[in-house]
Structure formats: C-alpha cells, structure tokens
Amino acid sequence: MKQFTLKLVMLALILGYSLNTWAQNIELSGKVLDDQGNTMPGVSVVVKGTTNGTITDIDGNFILSVSPDAKTLLFSFIGFETQEVTIDATNTKIKVKLLSSMIGLDEVVAVGYGKMTRKDVTSSITTIKAKDLNSGVYTEPSQLLQGKVPGLTITQTSDPNGSSSITLRGASTLRTGSAQEPYYVVDGVPGVSLSLIAPEDIESIDVLRDASATAIYGSKAANGVIIVTTKKGNKEGKTNVSYSTYVAVDNVLKNLDMMSASELRSYASANGITLPNDEGGDTDWQEEVQRTGLSQSHNISINGGDDKTSYSASINYLNKQGVIKETEKNQLVARSFLQTKTLNDRLTLSFNLNGNITNNNNVPMGSNGTSVLDAMNYYSPLAPVKADNGDWYSDYSISQNYNPMSMVKEDEYDTESKRLQGTAKASLEIVDGLLYNLSLSYQNEQYIFSNYNSSDSQIYSSQNGQASRTSVENKKTVFETYLNYDKTFNDVHKLGLMAGYSWEQSDNNDGFGLTVYNFYNDDLGYYNLGYANRMDMSGINSGYKLSSLRMISFYGRLNYSYNSKYLFQATMRRDGSSAFGENNQWATFPSVSASWRLSEEGFIKNMNVFDDLKFRIGYGVSGNSLGFDAFTATQTYGASGWFDYTDETGSTSEYRTLAATSNANPDLKWERTSMFNVGFDFGFLKNRVTGTLEYYNKTTDDLIYSYAVSTNRYPYGSMLANVGEINNKGIELSLNIIPVQTENLRWETSLNLSHNKNEVVSLSNQTYSVDYINAGNPNISGFSTANIQRIVEGEAIGTFYMWEWAGYNDSGESQFYVHDVETGERTGELTTDPQDTDRTKVGCAQPKFTYGWNNTLSYKKWALTAFFQGVLGGDVMNSTRAQYNTVSLVGDGKNVLSEVATNQLYTDDKAQAPSDRYLEKGNYLRLSTLSLSYNFGSIKDYIKGLRVYATCNNLMTITNYKGLDPEVSLGGLTPGIDSREYFYPRTRTFMLGLNINF
C-alpha cells in the first residue's frame, strides 16, 4: 500500500505541475465535414500514438491542445475512413473532410500465413482489439476473451495458479487436456505458449471459428484457432515509452454456511449424537484459512522506429496472492522485437525474443480429505487450531481428517517454470506482389516441481519429513517457408495465392523425479535431498519419458475476388505425423468457402436499408493431433513388479519385472472434424448497427478412445482405436450498436449469443464396442465409486445419469425410484438401496445459451464500461452440497452445512446420495466487469497520455444456484460438476490502475 500511496502523490505532483505548463502546448482548432459538406459532430480527434484527444461539437468544431513534438492527428468516425493530418505549428486552423466507407471492411484480419481485409474474408473470424478485451487481474490471456466471442465458452477460476477451461463450438473429442482446446498462434508462429505474452502486449486477437478458416492449420485445428498479434514498433521516427500499473484487492465472494460450534452442539444434543472430538473450541476454519489477496502488476514498454527500422521491448511483473493463505503467483514476462528493411526495402528481417519466469506456490488440493478447500469446511469447529503443547491439533482416530491450517503451513507445493522462445523471420519481395517468407522458431520450457511435507505434516505423518523434486524439459522447433502472391488485374480481379512447407519437431517430457523422507529436521526443506535418511525405489519418478514427435506439412491457399463483390477461397493442407500408426501417418485437410457482398448489388442498394450485407458459406475438414506423444500407437512396456534373481555365485538380488503397458495399433489415425458454416454479415443505419449471424454443423469422426480387448489376443487389456463420432450444431449472433452519438456523449453496446447442441452419435463399431462410458465421480461419502454422468450414444457429453429421489419412507430414510433393467422405465417401486441399474437420465450440463453483453459509455474524458456474461439452460450437480449434507459426518467428528438441521433427518444415512435432489439449474447473469476511467490526455511536452481507472470484477451475480458459484467448468468430459475438493473460492476484485505514455 505504501507503493500505491507513493504513486498517488506522484500523480498529484504531475497534475499540479501541468497546470503551470499547459500554456506551452500548441492549441489546434478546426472543423470536420463529411463528403457531402455537412458538419460532423462526435468525430474522434486524437494525436497519433497517444491517448490525447477530443470529440467535435454539434457544429463539427474541435479545439485540442497538443505537445510541441506531436506530429499527426487521427480523425475517425463510425462509417467513415480514418484520416491522418500532419500537424503544422504555423497553421493551427485545420479543416478536414472525411470520406464514407463500410465500417470495419478495411480492417486487417489475420487468417493464417497471411492477412486479409475484412471485406475479403469468406470465413467465420472474430477479431477482438486490445481495448475491447476484458479488464481485470488475469493470469493468462485466454481469460481476456470470456464472453467476447460467440461460441467460445470460457470458465474462469480465481485460483492464482489455476487455468481456465476453454471450448469453441462444443466438445468434439473423447480425450481431455489440450485435445479439447483451440490451437494458439502468436505473431504467425504456431504452437507458442500463451504464458509468454503479457496482456498489456496484445494488439489484437483473431478467433478462427469455422473449418474453412482453420483448415490451413490442418491436423491441429479441429477445436478452432486463436491468433494473437502483439504490439510492435512504430514508424514515426521517435521513441515512445509507456508504463502501466495496477494494484488490486481480492476477497472471497461467498462461503458455504457451515455449522458453527454452537449449532453443531445443539444439533448433536437434539438428535442424541455423541460428539467424539468436542475440545471446547469455537473455530471458524474458513476464516483461519482465508485472507484478503493483494495483487500488483507493472508493465514498461518501449517502441520506436522509422520507415526502415522499428523496435519494441517490454517487461511485465505480476504478483497475485490467492485468498487461500500460501497460494500465490509471481511472474516476470519480457519481450523484445526488432524489424528492419534492406535491399531497397525488398527484404524485411525481424527478430523476436520472449521469456517468462513464473513461481507458483500452492497448498494441498487432493482427494480423500487432503484438500485445504475441502478441509476448511469439513473440519470440526469444536477443535482448536493448535493443541495445548503448541502443535497443530490433530485427531487421527477420525478417517480422512486433516487440520486445514496444518496443511497450509506444513505441506508446501511449489513450481518454478522458465520459458524461452525466439523467432527469426525474413520476407523477400521477389517481384511486385510476390513475397517469399521464411520463419524459424525455437521454444524451450523447463519446470521444477518441489514439494515438502514437514515432520509436522498430517498428510504424511509417519514420514518424518518428505521431500520431492522433479525436473522436466520440453523443446519445440518450427521451420516454415511459404510464398504469397497477391495481384489485382483491371482494378476488379483480385487474386491471392499461397503455398508453403512446414517442419516441426517436439521433444517433450524429458524429466526425472525423486522422493525421499526421514530428515533430521525441516530446516532445508526440499533443497537438499541428500540429507534424507530413507529413499525407496518407489520414490523414483519413472513417469517421465522423452517423447520426440515430428510433423511435416505442405499447404496452400487460393483467394479470388471480383470487385470485392464475389469472393472465393480454397485451402489444402497435407500433414504427416510420427504420432500415429505406421499405416496412417499422413492425412489431407481441404476447405472451400465463398461469399457474396449483396450490398454491392443494385437491388439491395435500392432498398436503402443495408450499408453492408454479405452472405458467406463454407465447408472444411481439420484434424486433432493435440495431446499425443510418440508412444500413442506403439507397443510399450514398463516395470510391473519385482522378482528374486539368484546368480551363479548363489547371491540373490531383486530385479524388475517388465510387462506390457499399451498395445500397438498400426491403423491409428487422425480424428477428423468436418464443418459446414453459413453466415451473414450486416450493417445498417449508417453502420451504427452491425453484426453477424452464423449457423454451423460440425461432425467429428474417427474419435480416439481406449477400448477393452482380450489379453488372449493382445499383450495389454486395452487398445486405442478410432471408433466414435460426435456432432455439434448451433447458431451464433453478434451485434454491435451505437445507440447514442453526440458531441460529448457516446454509448456503444455489443451483444453475442450462442446456442450449441452436442450429441454423441456413436461409440462402437464391429470391432470395438461399449454400451456407454461412465464419467464424473464426485467422491461423495458412502458413494465413492458412484458416477453421475454417462457418455452414451444419442446424448450430449455431460448428461447426468443419477438416481431419482422420492422423498422419505416411514422410517425417515431417503428412498429412490426403481427402474426396469431392460427398459429403464420406472417400475413404480421405491427402494432405500438403489442400484446402478436405477440410474436414469435426469439432466444435462450443456447450456442452452451462453452470452456476453458489453456497454461502454463515454462522456468527454470519462468512460464507463459494464460487461455482463452468463449462461442459460444448463444443469449443475451440486456435489459439494450433497457431501456436506451427510448427516453421519456429525457423529464422525466432522462438520456439515447449517441447512442439515432443518433439511435432513438424522435417521437418513443416504441423505447425501448422488441423485437429482442435488441437481440444480446453472443459470446466471453476472456483472463481470465494471470499470470507470478518466483520460487526462497530454500533460506538457513529455507526458503524451495519462489515464487512470478503477475496476471491479464479479460485482454482482443473479442466480438461483444454492452453491458457491454457478460458473463451473463446462469443458472436458465431465462438465457441470461442482467439486468441493478443487473449487477455489470465487473472488470479488477491486483494482486501481494507471497508464502513462511518455
């Protein structure tokens, strides 16, 4: 807080000084007209490269004070071409005429191995500029997109060390992890880690949503492609320095209402329960474990250049404390970029170097009671934090019962990661319109996982101190070379050709780990494993095996446009990968798309309704090779046990036995996703209303899944094979509206709405078959083996199959409906002992709609942004509530929810049974971001722009959900489950920030 106070003092001094020096600036004035000679109110007038600007009044006039070194003014207005005017200190009266244009149609869009103007795009691509990204304390760039892109479903977490789940247009694989996520491209380099990019360095993000756009990336693009473009140097012949900072405070948004000590004693007394561990305590374990989290970020960037050479460099530091004690993230990101031209400006050379060092500190978040997130709720308030002797209170007579503060302080889980990525590029203009491109990129990632469970650890109470360290390295090299040819003939025929070759090698999972225990003391923690007295063979981490994969690709694209009215695009990519079976290591991924700009036709122009109207249609095929290693399709063996070997001297030693750990499948091939997409882009009311409407139908076949096979035929009991099929189809709408535009006031609002229907079409064929796949085990007491979801043909991923609760019987026990084994229908009977055959479809986690609604209200130099997002129609299994409604926990010496006293009968030993009793609607509307900013503009001649802002995240949520938060993960194979062991408390964040340009 001292640093923040110092910043405020400095800001006050700067502002005070500026009042005395304002007169040294140059005062410009003028008038802005349209192409018909009419005055234009509300035109934005900004000094290029700064935030210093104003808006024309009702008569089109403006007055703006600029610094002496300001060189260019930018005039912009919706529906008109942006115009640059050179500042002349001898002529301070300026008259500008803006020419009308189609809004955003000349915007440059990244399309993969090239760029296109928006009006020539035939595919489904959404572009989000830096100013429109989410504002908040975010630890990864994907969080900036939540609610901004139709069809892109992102579930955030408040865990400083956690990661968001992200899905585009529905789940389309039976694999998890990276196989479910989009493919990332940064500055044209595919497969770059987004952790190498600080949010402040992002210029724009392009999301390629349909297969006609993604097919150019072939086997890695089935889940969509996200292209990140970073900020580069300028060509103004001067150096710009920018500094951005914020401080933020996080507090827990909501806690579970667990019984207090007095409530627990009263409930036990009323029901004749003997409490086994009443130590006279009155402890609020949530309060003990939680804290107010403080965060800070600092970003310094330098950029400059001229017509020949441009450069930029930045460094970003982020420190984010979690609201759970001892959870924290420290991150340093540095970037540098240099670009120059030579050979009469025909050869462009560029070099880019990115680095990231991150330290993550965490607490136990395991299962079976070993999660701090779980223990702060289940641990008895009757127990003190520490015993009389000063040790952490413990009671080992109670199963899976760990003092949460002991876990916070005695069980240390740290991760240090270092990432380095460098890129060299060359572009040679051979002849006019023909450009040869070459790119070489290298990326290195190193991770050190360090754990120490002290001699006072209750999780490892018998180890007398246990230390574990693991080091892992991943390397990736990408070489790409391609030709671009762009030519316009007779002013109406625009032709674009691209052909290229790509070579990529990944060497991943090269690591080693060791666990030792029994230390003399805890002084050194995990820093010197050699001081341990015991090490077992089982402590050697043999799970890391170097996996080297190689991929070779050939690709091409054809674009044709007739007068920017009729447009056509075709792409083709041929990929070869060593990850798949020897019979199917190559595959082809084609696409074709076309569009018709109807607004250029006379019959549309005569309607005088549309300023822009474009029809798009496309079809493409892409693949999913993400998440595989070199051993996916090969026969592998591993250590399976021990045997005694006696040598010729009679000495006996223990040796490893080896057994098969996977089967070879020479026919294993790519998962293939084909997608049909049709859409309209439209604009009317002088483009104050613009938007897109899309329909898509996406089918993924040859799904890879592990099927049980006979060990009479195969060495191992399961086989990875291509069998299943999943279909996703949906509708997406995005709208951008400017309802108000006056001299001083402007209101911009944007809405995106998405509907997706997911269906598992098939899981079996003649060789491999399965009736359904059980999924989603919430690990509820007494039902630790009960799954609550099934992946089954004809239903969506995330379909809940659970028991149907039928109230209580005369003995006060929960009873459930019995279902016929053959038909699955209710028999009319009730039971207190439900079986697996009584599970039935009771709901689905897939939402009917996801949406985002952004509003920006600007008044003079003030700006207010309110961003709402939410979902409609999905179900959430509140397994956390089910677990803490287990009435037997009271007699076991643990805690339960306060509602147990009024909602449950103590005679009910199945109150917590995973049934539709705890299935709730996950609908919510959240005011995700509310931000207020003030732009001071330039101050004297050395501060080109100054902006201050205050932001609040998660300010308000409207929902009927009874759990902590309805925003649970909608990605993976088990969406819609509220898990007590891994759900980090949702936080409300207040932040103050400052941006200065020098």
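Quantities reported herein were computed from a predicted structural model and do not represent experimental measurements.

## Observations concerning the overall build of the protein
Next up, step 1: For the protein, the helix and strand inventory stands at 10 helices and 50 strands.
Next up, step 2: Radius of gyration (C-alpha) of the protein: 31 Å, near the 30 Å computed for a compact globule of 998 residues.
Next up, step 3: Oriented by its inertia axes, the alpha-carbon framework of the protein measures out at about 90 × 70 × 70 Å.
Next up, step 4: The burial tally for the protein puts 53% of its 998 residues in the buried class.
Next up, step 5: If you average the places of the 83 positive and of the 107 negative side-chain charges in the protein, the two averages end up 10 Å apart.

## Describing the packing of aromatic side chains
Next up, step 1: Applying the stated criterion across every chain yields a total of 30 aromatic pairs.
Next up, step 2: With a centroid separation of 5.3 Å and an interplanar angle of 25 degrees, the aromatic rings of Trp853 and Phe868 are classed as stacked. Residue Trp853 is found in strand S44 (residues 849-859), and its partner Phe868 is found in strand S45 (residues 862-872); the two are separated by 15 residues along the sequence.
Next up, step 3: The exposure class of Phe868 is buried, given its relative accessible area of 16%.
Next up, step 4: Through a chain of ring-to-ring contacts, the aromatic side chains of Tyr113, Tyr183, Tyr217, Tyr482 and Tyr555 assemble into a single cluster.
Next up, step 5: When the ring centre of Tyr378 is taken as origin, the NZ or CZ atom of Lys894, which lies over that ring, is 4.9 Å away.
Next up, step 6: Across from the ring centre of Trp805, 4.1 Å away, lies the NZ or CZ of Arg917, which sits over that ring.

## Some remarks on the UniProt feature "domain: TonB-dependent receptor-like beta-barrel" (unreviewed entry) in the protein
Next up, step 1: Here, the residues flagged by UniProt with the feature "domain: TonB-dependent receptor-like beta-barrel" (unreviewed entry) are residues 380-955.
Next up, step 2: Annotated as 4% helix and 57% strand, the span residues 380-955 places its first and last C-alpha atoms 32 Å apart.

## What about the sheet that holds strand S5 (residues 72-76)?
Next up, step 1: Read from one edge to the other, the open sheet built from four strands follows the order S3-S2-S5-S6, with strand pairing classed as antiparallel. Each edge of the sheet is formed by a strand with only one pairing partner; in this case those strands are strand S3 (53-55) and strand S6 (83-86). The sheet shows a mean angle of 20 degrees between the axes of neighbouring strands, direction not considered.
Next up, step 2: Relative to S3, strand S2 (residues 44-47) runs antiparallel, the two being bridged by three bridges. The residue of S3 that forms the bridge with Val45 is Thr54.

## Considerations on the environment of Leu438
Next up, step 1: Within the secondary structure layout, Leu438 lies in strand S23 (residues 434-453).
Next up, step 2: For the pair Leu438 and Leu349, spaced 89 residues apart in sequence, the C-alpha separation works out to 9.7 Å.

## Quick notes on the side chain of Thr951
Next up, step 1: For Thr951, the position within the fold is in strand S49 (residues 945-958).
Next up, step 2: Once residues lying within four places of it in the same chain are set aside, the contact partners of Thr951 are Ser135, Thr929, Leu930, Ser931, Thr989, Phe990 and Met991.

## Description of helix H3 (residues 261-270)
Next up, step 1: Taken together, the buried positions of H3 are Ala261, Leu264, Tyr267 and Ala268. The buried side chains of H3 occupy one side of the element, clustering within an arc of 130 degrees when seen end-on. For H3, the exposed residues lying more than 90 degrees away from the buried face are Ser269 and Ala270.
Next up, step 2: Residues of H3 that are buried sit in contact with helix H9 (888-892) and helix H10 (900-903).
Next up, step 3: Immediately downstream of H3, the backbone of Gly272 shows phi near 65 degrees, a positive value.

## Things to note about the sheet that holds strand S41 (residues 814-819)
Next up, step 1: With antiparallel pairing, the three strands of this open sheet are ordered in space as S40-S41-S42. Either end of the sheet is taken by a strand with one partner, and the two such strands are strand S40 (805-808) and strand S42 (826-831). Here the strands of the sheet are splayed against their neighbours by 30 degrees on average, with no regard to which way each runs.
Next up, step 2: Across three bridges, the pairing between S41 and S42 is antiparallel. Looking at the pairing, Phe816 lines up with Thr831 of S42.

## Describing the side chain of Asn52
Next up, step 1: Residue placement: Asn52 occurs in the loop between S2 and S3.
Next up, step 2: Of note is the side chain of Asn52, whose polar atom sits 3.0 Å from the backbone oxygen of Ser65.

Parameters at a glance
Note on numbering: residues in each chain are counted from 1, in written sequence order. With the structure being a predicted model, the display of local features is reserved for residues of pLDDT at least 70 and the display and counting of side-chain atom pairs for 80 or more, all residues being used for whole-chain, interface and lining totals. Side-chain figures throughout are based on the complete set of non-hydrogen atoms in the structure, without hydrogens or water. Only DSSP runs of H or I reaching four residues or more are called helices, and only runs of E reaching two or more are called strands; each is numbered from the N terminus. We compute the radius of gyration over the C-alpha atoms and compare it with the globule rule, which gives 2.2 Å times the number of residues raised to the power 0.38. Classification of residues uses two cut-offs on accessible area relative to the type maximum, computed with a 1.4 Å probe and protein chains only: under 20% is buried, over 50% is exposed, and between them is partly exposed. Charge counting treats Lys and Arg as positive and Asp and Glu as negative, with His and both chain ends excluded. Throughout, a charge is located at the NZ atom of Lys, the CZ atom of Arg, the CG atom of Asp or the CD atom of Glu. Aromatic contacts are taken between Phe, Tyr and Trp rings whose centres are within 6.5 Å, Trp giving its six-membered ring; a plane angle under 30 degrees counts as stacked, one over 60 as edge-to-face, and the others as tilted. Note on geometry: a ring has a charge over it if NZ (lysine) or CZ (arginine) is within 6 Å of the ring centre and within 35 degrees of the ring normal. UniProt positions are given in the numbering used here, feature names are shortened, and annotations may be inferred rather than shown by experiment. Two strands form a pair only when DSSP identifies at least two bridges running between them. Fitted lines through C-alpha atoms serve as axes, helices being fitted only where they are in contact, and the angles separating the N-to-C directions of these axes extend from 0 to 180 degrees. In this description, contact between two residues means that some pair of their heavy atoms is separated by no more than 4.5 Å. The arc in question is formed by the directions pointing from the helix axis toward the C-beta atoms. We define a polar contact as two N or O atoms separated by no more than 3.5 Å, with the added condition that, inside protein, one atom must be a possible hydrogen donor and the other a possible acceptor, whereas residues neighbouring each other in sequence contribute only through side-chain atom pairs.

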